[in-house]
Amino acid sequence: MTASETELQLQLKDSHKRAGAFSALVRLYQERLYWHIRKMVLSHEDANDVLQNTFMKGWNGLDNFRGDAQFSTWLYRIATNETLSFLSNKRLRNLQSLGSIEDNLLHNLQSDSHFIGNEAQLKLQKAILTLPEKQRLVFNMKYFEEITYDQMSEILETSSGALKASYHHAVKKIEKYFNEELD
Amino acid sequence: MEPNKTLEQIGTELPFKVPENYFDQFASQFEETIAAKKPRHITLRKKWMSIAAMFIGILVLGQLLYKLYDKQTVNKQDNYEAYVLMQVDEASLVDCYVNNSSK
């Protein structure tokens, strides 16, 4: 954590400086959190909604931030919970349709003007969508964001050992998916 | 058709983009939103006020229950007096009053 992050965290306790400090922290963490969410929900519009909810929850719940974890870790936790509840709500709304929510996400991705990947990258996204939600989260965090297992352990409140095993398992499944596609 | 690639060959670059100036706009809009809204937080004073209100509530309720109990006791006493008087005939009552006034 940089000196300015520490300073901003301290300013959050001062009611006069609170809004300014929080805005500065939004600017500091918005990109990281956006990509964390976007990799799970895939569409830009959905990622934008979840990101707004994340910061709004953070702002309204500032008194719940006890300072025993880093502010970024706390925001990551909120973003993760918001993303998972967004997906579970989507799943509930999707119950009546024939396809799964993953099919839905993939279909939207293929027609999304904000998707700029090549065929191999699209195939990777398809493979990632075959993973269970929590494993998808672990895979994305490790593979694309290169977050350490210790940091991930703090965010997801799961042991590093379990996260390592989950990531390893996810990689195997994705490789298997690629091999099956080849056959 | 592209041949299947391994994870290493695909790389870790994300295949998504965001609209131009998205992050600048997001931060500015959010700044405006929170400038209008103060965070919801329960102050210490508010906490004390709610505790005091709870005690006042308990006292008022206690008072009401006590009054109700008191009224019932008075009613019981009145009923008992009426019951006793019913058992005594008028001649004995007059006798009793005359005796008391002569003492």
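What you see is a predicted model, and the numbers here were worked out from it, not measured in a lab.

Undergrad: How do you make sense of the overall build of chain A when you look at a structure like this?
TA: The helix and strand tally for chain A stands at nine helices and zero strands. Each helix and strand of chain A, placed in order from N terminus to C terminus, yields the pattern α-α-α-α-α-α-α-α-α. Residues counted as buried form 53% of the 183 residues belonging to chain A. Of the contacts formed within chain A by residues at least 6 apart in sequence, a portion of 59% connects residues at least 24 apart. For chain A, the computed accessible surface area is about 9,200 Å², with 49% contributed by carbon and sulfur atoms.

Undergrad: Looking at this structure, I do not really get the side chain of A:His36. What am I missing?
TA: Residue and element names in this part refer to chain A. Relative to the helices and strands, His36 is located in helix 2 (residues 18-41). Given a relative accessible area of 2%, His36 falls into the buried group. Polar side-chain contacts of His36 include one of 3.3 Å to the side chain of Glu145. Leave out the neighbours within four places in its chain, and His36 touches Tyr76, Ala79, Thr80, Leu137, Met141 and Glu145.

Undergrad: Explanation requested: the confidence of the model for chain B in the structure shown.
TA: Caution applies to low-pLDDT parts of the model: their predicted coordinates are not meant to be read in detail. Of the residues in chain B, 73% have a pLDDT of 70 or more, and the chain-wide mean is 78. Looking at the elements of chain B, mean pLDDT is at its lowest for helix 4 (residues 90-102) of chain B, recorded as 74, and at its highest for helix 2 (residues 22-36) of chain B, recorded as 91.

Undergrad: Looking at this model, I keep getting lost on the packing of helix 2 of chain A against helix 3 (residues 44-60) of chain A. Mind explaining?
TA: A packed helix pair is summarised by two numbers, namely the angle formed by the two axes and the spacing between the axes. Residues and elements named next belong to chain A. The geometry of helix 2 relative to helix 3 is characterised by a closest axis approach of 9 Å and an angle of 145 degrees between their N-to-C directions. Regarding helix 2 and helix 3, the two cross each other, and that crossing is right-handed. On helix 3, the residues touching Arg18, Ala19, Phe22, Val26, Tyr29, Gln30, Leu33, Tyr34, Ile37, Arg38 and Val41 of helix 2 are His44, Asp46, Ala47, Asn48, Val50, Leu51, Thr54, Phe55, Gly58 and Trp59. Considered class by class, the residues forming the contact of helix 2 with helix 3 number 13 nonpolar, five polar and three charged.

Undergrad: Honestly, the pattern of salt bridges in this entry has me stumped. Any pointers?
TA: Proximity of charged atoms lets side chains of opposite charge pair with each other. Counting across every chain of the model gives nine salt bridges over all chains. Here A:Asp46 ties to A:Lys90 by a salt bridge, and the two come within 3.2 Å at their closest N and O atoms. In this pair, A:Asp46 sits in helix 3 while A:Lys90 sits in helix 4 (residues 71-93), placing the two residues 44 residues apart along the sequence. With respect to burial, A:Asp46 and A:Lys90 carry one shared label: buried. Taking the shortest distance from any N to any O, the salt bridge between A:Glu180 and A:Lys176 comes out at 3.8 Å. Pair noted here: A:Glu180 and A:Lys176 are both in helix 9 (residues 160-182), with a separation of four residues, about one helical turn. Taking relative accessible area as the criterion, A:Glu180 reaches 48% and is therefore assigned partly exposed. Each of A:Arg27, B:Asp24 and B:Glu31 takes part in one network of salt bridges that share partners.

Undergrad: Looking at this model, I keep getting lost on the nonpolar core. Mind explaining?
TA: One broad rule of soluble globular proteins: the nonpolar side chains tend to lie buried together. Among the nonpolar cores identified, the biggest contains 69 residues, and A:Phe22, A:Phe55, A:Phe71, A:Leu124, A:Phe139 and A:Ile174 are the most heavily contacted of them. Top contributing element to this core by residue count: helix 2 of chain A, with 11 residues. Each of domain 1 (1-85) and domain 2 (118-183) of chain A accounts for three or more of the residues forming this core. Once residues within four sequence positions are removed from consideration, A:Leu124 is found in contact with A:Tyr143, A:Phe144, A:Ile174, A:Phe178, B:Leu7 and B:Ile10.

Undergrad: What am I meant to see in the interface of chain A and chain B here?
TA: Often, the extent of an interface is quoted as the loss of accessible area upon association of its parts. Taken together, the contact between chain A and chain B spans 43 residues of the former and 31 residues of the latter. Buried area between chain A and chain B, summed over both chains or domains, comes out near 3,700 Å², and the portion from carbon and sulfur atoms is 65%. On the surface where chain A and chain B come into contact, there are two salt bridges. With a closest N to O distance of 3.8 Å, B:Asp24 and A:Arg27 form a salt bridge.

Undergrad: Help me understand the packing of helix 4 of chain A against helix 7 (residues 133-143) of chain A, please; the structure alone is not making it clear to me.
TA: All names here are of chain A. The N-to-C vectors of helix 4 and helix 7 enclose an angle of 140 degrees; their axes lie 12 Å apart at closest approach. The angle between the axes of helix 4 and helix 7 places the two elements in the oblique class. When the axes of helix 4 and helix 7 are compared, the crossing they make is right-handed. Between helix 4 and helix 7, the residues in contact are Thr80, Leu84, Leu87 and Arg91 and Glu133, Lys134, Arg136 and Leu137, respectively. A breakdown of the residues in the contact of helix 4 with helix 7 according to their chemical character gives three nonpolar, one polar and four charged.

Undergrad: I'm lost on the packing of aromatic side chains in this one. Help?
TA: Residues and elements named next belong to chain A. Applying the stated criterion across every chain, the model contains 21 aromatic pairs over all chains. With a centroid separation of 4.9 Å and an interplanar angle of 80 degrees, the aromatic rings of Tyr34 and Trp35 are classed as edge-to-face. Residue classification places Tyr34 among the buried positions, given a relative accessible area of 0%. A cation over a ring is seen here: Lys142 above Tyr149, with NZ or CZ 4.6 Å from the ring centre.

Procedures and definitions
Sequence order sets the numbering: in each chain, residues are counted from 1 along the sequence as written. All chains are assigned letters beginning at A, and all ligands numbers beginning at 1, according to the order in which they are written. Reporting of local features is limited, given that this is a predicted model, to residues whose pLDDT is at least 70; pairs of side-chain atoms are given and counted only at 80 or more, and all residues count toward the totals for whole chains, interfaces and linings. Only hydrogens and water are set aside when side-chain values are computed; all heavy atoms of the structure are taken into account. Helix and strand labels come from DSSP, where a helix needs a run of H or I of at least four residues and a strand needs a run of E of at least two; each type is numbered from the N terminus. Accessibility here uses a 1.4 Å probe with only protein chains present; expressed as a share of the type maximum, an area under 20% marks a residue as buried, one over 50% as exposed, and anything in between as partly exposed. We call two residues in contact when some of their heavy atoms are within 4.5 Å. For accessible areas, the Shrake-Rupley method is used with a probe of radius 1.4 Å. Any residue's cover is judged against the shown protein chains and nothing else. In protein, a polar contact requires one atom able to donate a hydrogen and another able to accept it; more generally it is a pair of N or O atoms within 3.5 Å, and residues adjacent in sequence count only if both atoms are side-chain atoms. Summary of the metric used: pLDDT quantifies the predictor's per-residue confidence within the range 0 to 100. Interaxial angle, 0 to 180 degrees, is taken between N-to-C directions of lines fitted to C-alpha atoms, where a helix line uses only the stretch in contact. Put simply, a crossing is left-handed when the front helix is turned counterclockwise from the back one by less than a right angle, and right-handed when it is turned clockwise. Polarity classes work like this: nonpolar for Ala, Val, Leu, Ile, Met, Phe, Trp, Tyr, Cys and Pro, charged for Asp, Glu, Lys and Arg, and polar for all others, with Gly in that last group. Basic side-chain nitrogens of Lys or Arg form a salt bridge, by our definition, when they fall within 4 Å of a carboxyl oxygen of Asp or Glu. Only buried residues count toward a nonpolar core, which is a set of Ala, Val, Leu, Ile, Met, Phe, Trp, Tyr and Cys residues joined through side-chain atoms within 4.5 Å. Start and end points for every domain follow an automatic or database-based domain assignment. When two parts are brought into contact, each loses some accessible area as probed by a 1.4 Å sphere; the total of that loss over both is the buried area. Roughly parallel refers to an angle under 35 degrees, roughly antiparallel to one over 145, roughly perpendicular to one between 65 and 115, and oblique to any angle outside these ranges. Centres within 6.5 Å are what make two rings of Phe, Tyr or Trp a pair, Trp counting through its six-membered ring; a difference in plane orientation under 30 degrees is then read as stacked, over 60 as edge-to-face, and the rest as tilted. Here, over-ring charges are defined by two tests on the NZ atom of lysine or the CZ atom of arginine: distance to the ring centre within 6 Å, and angle to the ring normal within 35 degrees.

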